[in-house]
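# Structural features, examined
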Protein chains: 2
Amino acid sequence: MTVPRLHLPERLAAGATLAVVGDRAHYLRHVLRLKEGDPVHAFNAGDGEWRAVIKGIGRHEMRLEIERLLRPAVPEPGPTLAFAPIRRNRLEWLVEKAVELGVARLVPVITQRTVVKPEKADRLAAIATEAAEQCERLTVPPIDPPRPLPAWLAARAPAVPLFLADERGEGAAIAEAWHRHPDAEILIGPEGGFAPEEVERLRAVPGVVPVTLGPRILRAETAALYALVGWQIARPALARISPPTSS
Amino acid sequence: MTVPRLHLPERLAAGATLAVVGDRAHYLRHVLRLKEGDPVHAFNAGDGEWRAVIKGIGRHEMRLEIERLLRPAVPEPGPTLAFAPIRRNRLEWLVEKAVELGVARLVPVITQRTVVKPEKADRLAAIATEAAEQCERLTVPPIDPPRPLPAWLAARAPAVPLFLADERGEGAAIAEAWHRHPDAEILIGPEGGFAPEEVERLRAVPGVVPVTLGPRILRAETAALYALVGWQIARPALARISPPTSS
């Protein structure tokens with residue numbers, strides 16, 4: 001049975017004892033049903049991945065002892081994905097799949113035709129964390145607080161390439177676009193599309209690169225994942241992760 | 001407002017009058033709230049896409065009159081995706097996204113580690129139909145009845161290439177694999193993976209091509225979509241659809 005992975009932000013070092021409390025303790029105890037002596041793989045972006053063992057189970061906490069390093073921290077570079085909030089269930093899928101596919105930062109942007117209230121930050125962060133635990137990442141991509149599209153455009157470095165799905169079908173093929181602009185960010189609009197003045201504004205962004213994501217109009221979450229798979233396909237050297245040593 | 005698309009298996013020809021009954025009639029009347037005189041785009045794989053108008057609303061039916069051809073039937077070739085059934089919500093997501101990404105046939109196969117009962121055929125077919133309506137396909141991919149993996153392997157043409165995700169990471173890169181084997185089928189295993197004897201059996205299939213789907217182990221539904229995006233990226237000429245004429 002696979003050893004459960006657990007993202008813990010605390011400092012991980014041999015011999016350290018950590019207490020896991022709250023929802024996470026509940027998850028370990030009542031969902032995963034871990035007992036004293038069971039192993040867990042604790043990880044975070046700064047310290048890497050460590051074998052740990054359950055040392056004690058209290059009423060509202062689980063105590064772990066960190067044993068030994070399994071794999072050191074390595075950077076996990078990836079694209080930033082900016083996206084207009086979509087309906088909750090689709091948004092949760094998007095976050096989970098984007099994490100699986102190596103996204104490095106998630107940026108909710110409010111557009112004119114965004115009809116959905118942004119999801120609670122805690123919930124999205126929990127989904128991102130769980131997805132990272134499941135897919136063996138060391139990093140959990142941060143999720144920015146939502147902000148209006150113009151504010152995000154004003155705040156970002158304008159010369160950084162920005163992939164924008166071109167609904168006229170005239171954009172660059174996505175894999176080719178990634179080859180030419182390996183450091184690009186991705187912007188996915190709402191289900192209703194961008195308003196004409198937004199499109200005009202976006203096309204004027206110095207680094208904007210219209211891209212085509214296949215022959216069909218895709219749902220927002222599908223478009224986001226298409227762009228990320230395109231990145232993985234185009235950039236295998238960057239997307240490679242260090243394999244874990246066996247425990 | 002976008003004219004709703006409706007997959008109707010009946011013969012579509014100028015002047016024909018069709019009655020839509022049952023769930024579909026309910027959908028048109030109470031969900032889409034169509035009224036007499038409202039347009040609909042009726043389509044199927046054999047007759048293409050036609051502008052139609054609501055002519056009458058009965059208690060349990062909606063009558064449509066077919067007006068004129070918008071675009072003729074064209075083949076929409078695409079891969080066959082064989083997959084072990086997964087949990088319902090993930091499966092429904094897989095079907096929807098696979099249709100968006102151009103899958104031509106869906107084949108549920110029961111493997112040794114399949115823990116989920118196959119979903120009801122009607123429900124999956126409805127999801128595939130709705131996804132095809134939303135993404136402007138003319139074809140709705142058929143969904144085979146589920147059958148055991150050995151039975152499917154025995155029934156399929158053994159020399160047709162079969163992409164199998166190689167968990168050792170030694171497979172061909174997916175885009176390259178599609179270039180070499182444009183007519184390949186895809187096989188995605190259950191969440192628990194294939195049993196050792198199944199892996200052995202699969203590797204002996206003459207047309208099998210181990211492929212790699214990025215650096216991480218992906219969930220089954222993500223792997224399926226990764227393979228399909230790979231196909232779209234590699235084969236733009238095959239994946240292109242005929243654009244609809246405006247109505």
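Residues numbered from 1 in each chain as written. Chains lettered and ligands numbered in written order. Predicted model: local features only at pLDDT ≥ 70, side-chain atom pairs only at ≥ 80, totals over all residues. Heavy atoms only, no water.

- Looking at an unreviewed UniProt entry, one finds chain A named Ribosomal RNA small subunit methyltransferase E, with Benzoatithermus flavus as its source organism.
- Under Catalytic activity (unreviewed entry), UniProt gives the following word-for-word description of chain A: "uridine(1498) in 16S rRNA + S-adenosyl-L-methionine = N(3)-methyluridine(1498) in 16S rRNA + S-adenosyl-L-homocysteine + H(+)". (UniProt positions renumbered as here; feature names shortened; annotations may be inferred.)

## Some words on the interface of chain B and chain A
- At the interface, 30 residues of chain B touch 30 residues of chain A.
- For the pairing of chain B and chain A, the buried interface totals around 2,600 Å² over both sides, and the portion due to carbon and sulfur atoms is 60%.
- Across the salt bridge formed by A:Arg90 and B:Glu96, the nearest N and O atoms sit 2.8 Å from each other.
- Summed over the shared surface of chain B and chain A, the result is 12 residue pairs in polar contact (both at pLDDT 80 or more).
- Broken down by secondary-structure element, the contributors of at least two residues to the side of chain B that touches chain A are α2 (88-100), α5 (174-180) and α7 (220-234) of chain B.
- Considering every element that reaches the side of chain B that touches chain A, the biggest residue donor is α7(B), with seven residues. (Contact = heavy atoms within 4.5 Å. Buried area = accessible area lost by both parts, 1.4 Å probe. Salt bridge = Lys/Arg side-chain N within 4 Å of Asp/Glu carboxyl O. Polar contact = N/O pair within 3.5 Å; in protein donor to acceptor, adjacent residues only side chain to side chain. Helix = DSSP H or I, 4+ residues; strand = E, 2+ residues; numbered from the N terminus.)

## Notes on the pattern of salt bridges
- Scanning the model with the defined rule gives 38 salt bridges over all chains in all.
- For A:Glu96, the salt bridge is made with A:Lys97, and the minimal N-O distance between the two is 2.7 Å.
- What makes A:Lys97 buried here is its relative accessible area of 0%.
- For B:Arg51, the salt bridge identified is with B:Glu67, shortest N-O distance 3.2 Å. Of this pair, B:Arg51 sits in strand β4 (residues 48-57) while B:Glu67 sits in strand β5 (residues 61-71), and the two are 16 residues apart along the sequence.
- The partly exposed category is assigned to B:Glu67, whose relative accessible area is 34%.
- Ionic contacts of the salt-bridge type, sharing partners, join the residues A:Arg90, A:Arg219, A:Glu221, B:Glu96, B:Lys97 and B:Glu100 into one network. (Buried < 20%, exposed > 50% of the residue type's maximum accessible area, 1.4 Å probe, protein only.)

## Quick look at the pairing of strand β3 (residues 39-44) of chain A
Residue and element names in this part refer to chain A.
- Most of β3 is tucked away, with five of its six residues classed as buried.
- Bridging between strand β1 (residues 5-7) and β3 involves three bridges; their strand directions are parallel. Among the inter-strand pairings, Arg 5 is bridged to a residue of β3, identified as His 41.
- Sheet topology places β3 next to strand β4 (residues 48-57); six bridges connect them, and they run antiparallel. Each bridged residue has a counterpart across the sheet, and for Ala 42 the counterpart in β4 is Trp 50. (Pairing = 2+ DSSP bridges.)

## A few points about the UniProt feature "domain: Ribosomal RNA small subunit methyltransferase E PUA-like" (unreviewed entry) in chain A
- According to UniProt, the positions carrying the feature "domain: Ribosomal RNA small subunit methyltransferase E PUA-like" (unreviewed entry) are residues 22-67 of chain A.
- Along residues 22-67 of chain A, the helical share is 22% and the strand share 50%, with 23 Å between the first and last C-alpha atoms.

## A short note on the relation of the copies chain B and chain A
- For these two chains of identical sequence, chain B goes onto chain A by a turn of 180 degrees and a shift of 0.0 Å along the axis, with RMSD 0.0 Å. Taken together, the rotation angle and the small translation identify this as a two-fold axis. The C-alpha atom lying nearest the rotation axis in chain B is that of B:Val229; the distance is 3.5 Å.
- Interface residue correspondence from chain B to chain A reaches 97%, placing this contact among same-surface, isologous pairings. (Least-squares fit on C-alpha atoms with pLDDT ≥ 70 in both.)

## Overview of the packing of helix α2 (residues 88-100) of chain A against helix α7 (residues 220-234) of chain A
Residue and element names in this part refer to chain A.
- The interhelical angle for the contact between α2 and α7, taken along N-to-C directions, is 5 degrees, at an axis separation of 9 Å. With respect to α7, the axis of α2 lies roughly parallel. Contacts from Arg 90, Leu 94, Lys 97, Ala 98 and Glu 100 of α2 reach α7 at Glu 221, Ala 224, Leu 225, Leu 228 and Gln 232.
- Here the residues of the contact of α2 with α7 sort into five nonpolar, one polar and four charged. (Axes fitted to C-alpha atoms, helices over the stretch in contact; angles between N-to-C directions. Parallel < 35°, antiparallel > 145°, perpendicular 65-115°, else oblique. Nonpolar A, V, L, I, M, F, W, Y, C, P; charged D, E, K, R; others polar.)

## Some points on the sheet that holds β1(A)
All names here are of chain A.
- The strand order across the open sheet built from five strands is β1-β3-β4-β5-β2, with neighbouring strands paired in mixed fashion. The strands lining the two open edges of the sheet, one partner per strand, are β1 and β2 (17-21). In this sheet, adjacent strand axes meet at a mean angle of 40 degrees when their direction is disregarded.
- With eight bridges connecting them, β4 and strand β5 (residues 61-71) associate as antiparallel partners. Counterpart to Ile 54 in the pairing with β5 is Leu 64.
- In this fold helix α3 (residues 121-134) packs onto β1 and β3, with an angle of close to 140 degrees to the strand it touches most, β1.

## Structural notes on the sheet that holds β4(B)
Residue and element names in this part refer to chain B.
- A sheet is described by the order of its strands in space; here five strands give the open sequence β1-β3-β4-β5-β2, paired in mixed fashion. Edge positions in the open sheet fall to β1 (5-7) and β2 (17-21), since each of these has one partner strand only. Taking the axes of each pair of neighbouring strands and ignoring which way they run, one obtains an average angle of 40 degrees across the sheet.
- Each of β1, β2, β4 and β5 is contacted by helix α1 (residues 22-31), which is oriented at about 95 degrees to β2, the strand it contacts most.
- Contacting β1 and β3 (39-44), helix α3 (residues 121-134) crosses the sheet at an angle of about 140 degrees to β1.

## Topic: the domain arrangement of chain A
Residues and elements named next belong to chain A.
- Segmenting chain A into domains produces domain 1 (5-71) and domain 2 (80-241).
- Summarising the inter-unit geometry, the C-alpha centres of domain 1 and domain 2 are found 32 Å apart.
- Both sides of the domain 1 and domain 2 interface together cover about 810 Å² of buried area, and 54% of this is carbon and sulfur.
- Across the pair Glu 133 and Arg 24 runs a salt bridge whose closest N-O atoms are separated by 2.7 Å. (Domains from an automatic or database assignment.)

## Describing the packing of α7(A) against α7(B)
- Running from N to C, α7(A) and α7(B) point in directions that differ by 75 degrees, and their axes come no closer than 10 Å. Viewed along their axes, α7(A) and α7(B) adopt a mutual orientation that is roughly perpendicular. Across from A:Tyr226, A:Val229, A:Gly230, A:Gln232 and A:Ile233 in α7(A), the residues of α7(B) making contact are B:Tyr226, B:Val229, B:Gly230, B:Gln232 and B:Ile233.
- In the contact of α7(A) with α7(B), the residues fall into six nonpolar, four polar and no charged.

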